[in-house]
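For reference, the chains in residue letters:
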Amino acid sequence: MNYIIYYDDNYRKYVEYEIGKFVELSNGVGLYSGESVIEDNKKSNIVDKEKLSSGFNNILQLMQVDTSNLTLSQLLDKSIFVRFYHKIDYVCNDIDYNVLMSILSKYESKIVSVRVVYGKDSKYKGITQTIADYLINFGYTIDVKSPNVVISIYAGDRLYLSIDLANELSSNYRAGEPHYHKEEEISRAEFKLLEAIERFKIDTKGIHNAIDLGASPGGWTHCLAKLGIFVTAVDPAQLDNKVLKMSNVEHIRQLAQDYLKNNNNRYDMIVNDMKMFGDKSAHIVCNCAGSLNNGAKVVMTIKLAEINLYEQIVRAITILSSKFNILNIKKLFHTRQEVIVYGCLKNTK
Ligand SMILES: C[S@@+](CC[C@H](N)C(=O)[O-])C[C@H]1O[C@@H](n2cnc3c(N)ncnc32)[C@H](O)[C@@H]1O
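All chains use their own residue numbering, which begins from 1 and follows the written sequence. Under the rules for a predicted model, residues below a pLDDT of 70 receive no local features and side-chain atom pairs below 80 are neither given nor counted, while totals for whole chains, interfaces and linings still include all residues.

A short note on the site of the ligand
- Only the C-beta atom, placed from the backbone, is used; a residue is near a molecule or strand if that atom lies within 6 Å of it. Around the ligand sit 23 residues, and of these Ala189, Gly214, Ser216, Gly219 and Asp273 come closest.
- Those elements that provide at least two residues to the shell around the ligand are helix 6 (189-199), helix 7 (219-226) and helix 9 (256-261).
- In the scheme used here, Gly and all other residues not listed as nonpolar or charged are polar, with Ala, Val, Leu, Ile, Met, Phe, Trp, Tyr, Cys and Pro taken as nonpolar and Asp, Glu, Lys and Arg as charged. When the residues that make up the shell around the ligand are grouped by side-chain class, the tally is 13 nonpolar, 6 polar and 4 charged. Numbering of helices and strands runs from the N terminus; a helix is a DSSP stretch of H or I covering at least four residues, while a strand is a stretch of E covering at least two.

This is the structure we're talking about:
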């Protein structure tokens, strides 16, 4: 099985560090066969963990991933720097509608979305509409927002096409790139948390109280408060007035370390976007573990300096995993020089 992978081009070498070699099709898009990491019996799609880098092997262990039977798609799911991928069902110069309809006929639902990513100077411009029009003629409904079946295409030198059930894809967005409408968000940072909640499918229904470390100017606090969560926003810097006025927000103008020394409140969620080295930031979050309710969720960014980038991630995750089960780590679309981690408090009883 071959895959189209999407990633942030600035972090290309870390993609290769995690998943092995791939062919770059254009900036941020690759063709991946897994050849350099699968077991020597090439018929299988099973990864040979001995062929993975030590840093990524460490991460997989810290995430408690069973690496004895890891498939290529599981590897791509776990990769921090692969933003999105889809398998390739077929490659062609032009859509053969007989083939397309025969694959589509295997699915019960006729509610589909056509998601095309165009390579530079692609000769296929307009193909999204052409396919959509064809399908509509055959009784299909095009639903971009909530389709049941998704046709994903990379239109580069050729067309690389995959058809999947929407809920089998890791992201609801074309190439894993959500483009949120700028409405009333407080800061661009707000989109990071929004994207993490969507991407990691974080269920916020049972969350009543959250603590936000490094909250200023208030994007993350705003995002959580809008969901009806009571947020304790900790940051010596100012919060945006609109956030301060929300009845379910309290602002603590202290350093997180100082506030946590004497805090007796308990929280269902801790979020942390403090601007500091990942290991220090992870220690502060772990120090808050005693103030968290069972199963509490953590979402935090690990800011990345250029030097020893992967070691920084491993160090921060090692610290965090002493108190939290690490469920996901990703370089998401709205994060710049950082990755975002999602986990939940370990049950220590
Ligand atoms: C990237 S900004 C956070 C943006 C915020 N998440 C939002 O959505 O608006 C980083 C913040 O971390 C805060 N910070 C850095 N060190 C801190 C500490 N020790 N305790 C609390 N806040 C800290 C800074 O004051 C800064 O406001």
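Overview of the domain arrangement of the protein chain
- Where each domain begins and ends follows an automated or database-derived domain assignment. As assigned here, the protein chain comprises domain 1 (3-87), domain 2 (90-176) and domain 3 (189-345).
- Using only C-alpha atoms to locate each centre, domain 1 and domain 2 end up separated by 24 Å.
- Here the contact rule is simple: place C-beta atoms from the backbone, and any two residues whose C-beta atoms are within 7 Å are in contact. Opposite the 10 residues of domain 1 that make contact, domain 2 presents 14 residues.
- Those elements that place two or more of their residues in the side of domain 1 that touches domain 2 are strand 1 (3-7), strand 2 (23-26) and strand 4 (82-87).
- For the side of domain 1 that touches domain 2, the element with the highest residue contribution is strand 4, accounting for 4 residues.
- Here the residues of the side of domain 1 that touches domain 2 sort into 5 nonpolar, 2 polar and 3 charged.

Some details on helix 7
- Around each residue's C-beta, the other C-beta atoms within 10 Å are counted; 20 or more make the residue buried, 12 or fewer make it exposed, and counts in between make it partly exposed. All C-beta atoms are placed from the backbone. With 7 of its 8 residues buried, helix 7 lies for the most part within the structure.
- Taken together, the buried positions of helix 7 are occupied by Gly219, Trp220, Thr221, His222, Cys223, Leu224 and Ala225.
- On its buried face, helix 7 sits against helix 6, strand 10 (209-213), strand 11 (230-234), helix 8 (241-244), strand 12 (249-252) and strand 13 (267-272).
- Of the residues trailing helix 7, Gly228 is marked for its positive phi of about 90°.

Some details on the pairing of strand 10
- Counting buried positions along strand 10 yields 4 of 5 residues, so the element is predominantly enclosed.
- The definition of a right-handed crossover adopted here requires that, viewed with the strands pointing away, the path from the first strand over the helix to the second runs clockwise. Following the chain from strand 10 across helix 7 to the adjacent parallel strand 11, one finds a crossover that is right-handed.
- Judged from the 4 bridges that link them, strand 10 and strand 13 form a sheet pairing that is parallel. Its bridge partner being in strand 13, Asp212 is matched across the sheet by Val271. Only when DSSP finds a minimum of two bridges between them are two strands counted as paired.

Section: the sheet that holds strand 6 (residues 111-118)
- With respect to topology, 5 strands assemble into an open sheet ordered 5-9-8-6-7, the strand pairing being mixed. On the outer flanks of this sheet lie strand 5 (90-92) and strand 7 (141-142), each paired with one strand and no other.
- Running at roughly 165° to strand 6, helix 5 (residues 127-137) makes contact with strand 6, strand 7 and strand 8 (149-155) of the sheet. Note on geometry: axes are lines fitted to C-alpha atoms, helical ones only across the stretch in contact, with angles between N-to-C directions running from 0 to 180 degrees.

A closer look at unusual backbone geometry
- Backbone torsion omega between Ser216 and Pro217 reads 5°, so that peptide bond is classified as cis.
- Secondary-structure assignment places Pro217 in the loop between strand 10 and helix 7.
- A positive phi is found at Asp121, a non-glycine position, where the angle reads about 55°.
- Note on Asp121: 9 C-beta atoms within 10 Å, which makes it exposed.
- The backbone of Asn308 shows a phi angle near 50°, a positive value even though the residue is not glycine.
- With respect to the secondary-structure elements, Asn308 resides in the loop between strand 14 (292-303) and helix 11 (309-320).

Looking at helix 1 (residues 12-19)
- For helix 1, every residue scored as buried is listed here: Tyr14, Val15, Glu18 and Ile19. Looking straight down helix 1, one finds that the buried residues subtend no more than 115° of arc, so they occupy a single side.
- Close packing links the buried residues of helix 1 with strand 1, strand 3 (29-32), helix 2 (54-62), helix 3 (72-78), strand 4 and helix 11.
- Within two residues after helix 1, Gly20 carries a phi angle of roughly 90°, on the positive side. Directions from the helix axis toward the C-beta atoms define the arc.

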